[in-house]
Amino acid sequence: MFNKIISFATSKFSRQTLIKLSYTFGFMIRPVFWGNKVECPVCKRHFRKFLPYGYGTAKDNRLCPGCLSLERHRLLYLYLKEKTNFFTDNLTVLHFAPEQPFLKRFRKCKNLKYTTADLDSPIADIQLDVTKIDLPDNSYDVVICNHVLEHVTDANIAMKEIYRILKPDGWAIMLVPINPDIDTFEDPSVTDPKERERLFGQYDHVRQFGRDYPDYIAKAGFDEVIVDDLYYSIPEKDRERMKLARPGEEYIYGGRKK
Ligand SMILES: [Zn+2]
């Protein structure tokens, strides 16, 4: 019964709403998920299992009851920790559409000068359009822009803008939903939400990125394309315990400016 209620809540409410409810919600549900079968590398808690999230048969065991991270957040967190200078060097960071599991954690990092940006979110530090970033060239060490580019009409321009504001040797993380079986497919004439959902996976997506995504990053001018396979170097039992990726999410993508 309780699982049904949770399942209902996580499919009905947006993650933003769940996040607002999460403080009360968390205290309520964490005891129910008490256990040690799964573990979240972001909030370092362990549980009997993760919460269900989304629709369909693959919705079970996804969302961390501790910090509301999903698979991709947990993998990215490990990547930042194990393969970058993110938590060690003094860096200026611009985070577009900041993901909730990261927001407070990154803000607390003493080594980061951390700024959040969004097109219209009132909780972001600054309002920015990723296709026309009102910031000087060479101004940030790190840009994080996840699950944004599939919504943007001209993703190539957005990537060029991200490249422009990066300092030399700066890097950007740009995760998007990818269908590894196809090449990127976009059709700007499709504006009907139902048709967009059918073709691109969600009512407000304007393209479906595919296996050629690294070329897409290179085409925007990045001097080095980041395609990181940390996922595959993690033992399978740990990948399973932390639930680190759904199909198509096994790689971390981004680009570096030389
Ligand atoms: Zn967590």
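The shown structure was predicted, so the numbers you read here are calculated from the model rather than taken from an experiment.

**Digging into the coordination of the zinc ion**
At step 1: Here the zinc ion is held by the protein donor atoms C40 (SG), C43 (SG), C64 (SG) and C67 (SG), which lie 2.3 Å from it.
At step 2: Around the zinc ion sit 4 donor atoms; with metal-centred angles ranging over 102 to 117°, the donor geometry is tetrahedral.
At step 3: Motif for the zinc ion, donor spacing along one chain: C-x2-C-x20-C-x2-C. With a gap of 27 residues between them, C40 in the loop between β1 (34–39) and β2 (46–47) and C67 in the loop between β2 and α3 (71–83) connect regions that are remote in the sequence. The pair C40 / C67 is uniform in exposure class, with both members buried.

**Some points on the side chain of E150**
At step 1: By the element assignment, E150 lies in the loop between β6 (140–145) and α5 (155–165).
At step 2: One buried charge, E150, has no salt-bridge partner; the nearest side chain with opposite charge is R72, at 6.9 Å.
At step 3: Excluding its chain neighbours within four sequence positions, the residues that come into contact with E150 are V176, P177, D204, H205, V206, R207 and F209.

**Focus: the pattern of salt bridges**
At step 1: Inspection of the entire model under this criterion finds 16 salt bridges.
At step 2: The salt bridge partner of E39 is R241, with a shortest N-O separation of 2.9 Å. A residue pair is termed long-range when its members are at least 10 positions apart, and E39 in strand β1 and R241 in helix α9 (residues 236–242) qualify at 202 residues.
At step 3: Linking E224 and K258 is a salt bridge whose minimum nitrogen-to-oxygen distance equals 3.7 Å. You can see E224 sitting in strand β11 (residues 224–228) and its partner K258 sitting in the segment after β12 (252–256), a full 34 residues away along the chain.
At step 4: Residue class for E224 comes out partly exposed when judged on its relative accessible area of 32%.
At step 5: The class of K258 is exposed, set by a relative accessible area of 62%.

**Examining the environment of L175**
At step 1: Along the polypeptide, L175 turns up in the loop between β7 (166–173) and β8 (178–179).
At step 2: What makes L175 buried here is its relative accessible area of 7%.
At step 3: Considering only alpha carbons, one finds L175 and G254, 79 residues apart in sequence, at a separation of 7.2 Å.
At step 4: The residues contacting L175, other than those within four sequence positions of it, are L76, C145, N146, H147, Y251, I252 and Y253.

**Remarks on the sheet that holds β12**
Picture the strands of a sheet paired through backbone hydrogen bonds; they go either parallel or antiparallel.
At step 1: Pairing is mixed across the open sheet formed by 7 strands, whose spatial order is β5-β4-β3-β6-β7-β12-β11. Taken across any chain shown, the strands that pair with only one partner, and hence form the sheet edges, are β5 (126–127) and β11.
At step 2: The pairing of strand β4 (residues 112–118) with β5 spans 2 bridges and is parallel. Paired with D118 across the strands is Q127, a residue of β5.
At step 3: Packing against the sheet, helix α4 (residues 100–108) makes contact with β3 (91–96), β4 and β6, and its axis sits at approximately 150° to β4.

**Observations regarding α3**
At step 1: In a regular helix each residue adds 1.5 Å, so 13 residues correspond to 18 Å; α3 covers 18 Å between its end C-alpha atoms and thus fits that length.
At step 2: Most of α3 sits inside the fold, with 10 of its 13 residues counted as buried.
At step 3: Every buried residue of α3 is accounted for by E71, R72, H73, R74, L75, L76, Y77, L78, Y79 and L80.

**Topic: the pairing of β7**
At step 1: Of the strand pairs in this sheet, β6 and β7 are connected by 4 bridges, and their pairing is parallel. Bridge pairing links I144 to I173 in β7.
At step 2: Read as a crossover between parallel neighbours, the route from β6 over α5 to β7 is right-handed.
At step 3: The pairing of β7 with β12 spans 3 bridges and is classified as antiparallel. Bridge pairing in β12 places I173 opposite G254.

Conventions and cut-offs
- Residues numbered from 1 in each chain as written.
- Predicted model: local features only at pLDDT ≥ 70, side-chain atom pairs only at ≥ 80, totals over all residues.
- Heavy atoms only, no water.
- Donors = N, O, S within 2.8 Å, 3.2 Å for Na, K, Ca; no water.
- Tetrahedral: all angles 85-135°; square planar, octahedral: opposite > 155°, others 65-115°.
- Helix = DSSP H or I, 4+ residues; strand = E, 2+ residues; numbered from the N terminus.
- Buried < 20%, exposed > 50% of the residue type's maximum accessible area, 1.4 Å probe, protein only.
- Lys, Arg positive; Asp, Glu negative; His and termini not counted.
- Salt bridge = Lys/Arg side-chain N within 4 Å of Asp/Glu carboxyl O.
- Contact = heavy atoms within 4.5 Å.
- Pairing = 2+ DSSP bridges.
- Axes fitted to C-alpha atoms, helices over the stretch in contact; angles between N-to-C directions.
- Expected span 1.5 Å × (residues − 1).
- Right-handed = clockwise from strand over helix to strand, strands pointing away.

By themselves, these are just geometric observations and shouldn't be taken as functional.
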